Amino acid sequence: MKVFYQKSELNASKNKILAKSAGLVPTMGALHEGHIILVKRALEENELVLVSIFVNPTQFNDPDDLKNYPKTLKSDLQKLEKLEGNIWVYAPNASDLYLESITAKPFDFGALESTMEGANRKGHFEGVATIVQKLFEALEPTSAYFGEKDFQQLKIVSALVEKEKIPVKIIPCPIIRHSDGLAMSSRNRLLNPKHRAMAPLIYETLQKALALKEKHSPAQIESWIIDFFELHPEFELEYFTIADAESLQKTSVLNGTKNRAFIAVKLGNVRLIDNIKF
Ligand code: PAF
């Protein structure tokens, strides 16, 4: 494994090895088993695997969220070091990617960003698209791996690649869950023990909603979810949306399996998201 802190150093070495396939796993660090599974898959499918570790300031709409986001570079590197294969880590400072101005580019993803995370975290996807484009330009991967836990992000990145004609293949990867059903996330480590024990209720609720699908409309399921979380006041429900899996627009009629149910809740100060095929 090699670790680079500057894109110029990484590219100088990359030009020397001429890998035919380079798979990028973009991360904000605080690596967990879900990330490791992405890296392992990328190792199976590429000659070279690039793992970026960078907590991107422009995608945080809340300064406290950015401040509290776990930063664990040393242990991240130790976890990657244990894997076998050709891994290059890129762990830059903001200035290596943003040069002098840490600002997001004003992208317009239209309806794709008008709902859910886009509606609830103003500017979030401009920040994500800005950094993902910068990473693609700096590292020139042939493919890039994105987890479906951030399903809307995956759609935005696919739209970005199409819009900007970036020659990279986006590979969607299934959500990885703990044995109790909680979707793996770097934010889980911010949960206190009581909230961590309660957090599997998020996935359980999605499963219960799915069981209602045969006999109830999306609107009825949504109001059932709202009532359900009123009985569990530790959870602050931000949204529950059943949407078309392509357009991400709220659906009023359930048609086959083209839908996904999305949820965002706060447990204490920790905001968690999840989704399932619906
Ligand atoms: O999903 C993430 O960890 C981040 O949004 C990403 C894609 C690394 C961009 O900062």
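Just so you know, these numbers come straight off a predicted model, no measurement behind them.

For the pair helix H7 (residues 124-139) and helix H8 (residues 151-163), interaxial distance at closest approach is 10 Å and the crossing angle is 55°. Classified by the interaxial angle, the pair formed by H7 and H8 is oblique. Classified by chirality, the crossing of H8 by H7 is right-handed. Contact residues: H7 offers Phe 125, Val 128, Ala 129, Val 132, Gln 133 and Phe 136, while H8 offers Gln 152, Gln 153, Ile 156, Val 157, Leu 160 and Val 161. Looking at side-chain class alone, the contact of H7 with H8 contains 9 nonpolar, 3 polar and no charged residues.

Turning to the sheet that holds strand E8 (residues 259-267), a few remarks are in order. Spatially, 3 strands are ordered E7-E8-E9 in an open sheet, and the strand pairing comes out antiparallel. Either end of the sheet is taken by a strand with one partner, and the two such strands are strand E7 (235-244) and strand E9 (270-277). Between one strand axis and the next, the sheet turns through 15° on average, direction left out of account. Across 9 bridges, the pairing between E7 and E8 is antiparallel. Bridged to Thr 241 within E8 is Phe 262. Contacts between helix H10 (residues 201-211) and the sheet are confined to E7, E8 and E9, with E9 contributing the most and set at about 30° to the helix.

With that settled, the discussion passes to the site of the ligand. Around the ligand lies a shell formed by Pro 26, Thr 27, Met 28, Asn 56, Gln 59, Ile 131, Phe 146 and Gln 153. In this structure, an oxygen atom belonging to the ligand sits 2.6 Å away from a side-chain N or O atom of Gln 59. In the model, an oxygen atom of the ligand is placed 2.7 Å from a nitrogen or oxygen of the Gln 153 side chain. Protein burial of the ligand: of its 290 Å² of free accessible surface, 89% is covered by the chains. Its residues assigned to classes, the shell around the ligand comprises 4 nonpolar, 4 polar and no charged.

Considering the arrangement of structural elements, one finds Ser 186 in the loop between strand E6 (169-173) and helix H9 (193-198). Since its relative accessible area comes to 6%, Ser 186 is described here as buried. With 55 residues separating them along the chain, Ser 186 and Thr 241 place their C-alpha atoms 23 Å apart. In contact with Ser 186, not counting residues within four places along its chain, are Gly 29, Ala 30, His 32, His 35, Tyr 69 and Pro 70. Within the structure, Ser 186 has its side chain in polar contact with the backbone oxygen of Gly 29 (distance 3.3 Å). A distance of 3.1 Å separates a polar atom in the side chain of Ser 186 from the backbone oxygen of Ala 30.

Since the α-helix turns once every 3.6 residues, residues separated by three or four places project in the same direction. Among the residues of H10, Leu 201, Ile 202, Thr 205, Leu 206 and Ala 209 are the ones counted as buried. Down the axis, H10 shows its buried residues gathered within 145° of arc, on one side only. Buried residues along H10 sit in contact with H9, helix H11 (218-230), E7, E8 and E9.

Axis separation between H10 and H11 bottoms out at 10 Å; the angle between their running directions is 145°. In this structure, the crossing between H10 and H11 has a hand that is right-handed. Counting all contacts with H10, which are made through Leu 201, Thr 205, Lys 208 and Ala 209, the residues of H11 involved are Ile 221, Trp 224, Ile 225, Phe 228 and Phe 229. Looking at the contact of H10 with H11 residue by residue, the classes come out as 7 nonpolar, 1 polar and 1 charged.

We now examine the packing of aromatic side chains. For the coordinates displayed, the defined rule picks out 8 aromatic pairs. Relative to Phe 235, the ring of Phe 229 lies with its centre 5.5 Å away and its plane at 55°, an arrangement referred to as tilted. Like Phe 235, Phe 229 is buried. Members of the aromatic cluster, each reached through a chain of ring pairs, are Trp 224, Phe 228, Phe 229 and Phe 235.

Bringing the sheet that holds E6 into the picture now. Spatially, the 6 strands line up as an open sheet ordered E1-E4-E3-E2-E5-E6, and their pairing is parallel. Strands at the two margins of the open sheet, each flanked by one partner only, are strand E1 (2-4) and E6. Here the strands of the sheet are splayed against their neighbours by 25° on average, with no regard to which way each runs. Where strand E2 (residues 22-27) meets strand E5 (residues 143-147), 2 bridges bridge the pair, whose relative direction is parallel. Residue pairing in the sheet places Gly 23 in a bridge with Ser 143 of E5.

Rules behind the numbers
- Residues numbered from 1 in each chain as written.
- Predicted model: local features only at pLDDT ≥ 70, side-chain atom pairs only at ≥ 80, totals over all residues.
- Heavy atoms only, no water.
- Axes fitted to C-alpha atoms, helices over the stretch in contact; angles between N-to-C directions.
- Helix = DSSP H or I, 4+ residues; strand = E, 2+ residues; numbered from the N terminus.
- Parallel < 35°, antiparallel > 145°, perpendicular 65-115°, else oblique.
- Left-handed = near helix turned anticlockwise from the far one by under 90°.
- Contact = heavy atoms within 4.5 Å.
- Nonpolar A, V, L, I, M, F, W, Y, C, P; charged D, E, K, R; others polar.
- Pairing = 2+ DSSP bridges.
- Near = heavy atom within 4 Å.
- Polar contact = N/O pair within 3.5 Å; in protein donor to acceptor, adjacent residues only side chain to side chain.
- Areas by Shrake-Rupley, 256 points an atom, 1.4 Å probe, with all protein chains shown as cover.
- Buried < 20%, exposed > 50% of the residue type's maximum accessible area, 1.4 Å probe, protein only.
- Arc of directions from axis to C-beta.
- Phe/Tyr/Trp six-rings, centres within 6.5 Å; stacked < 30°, edge-to-face > 60°.

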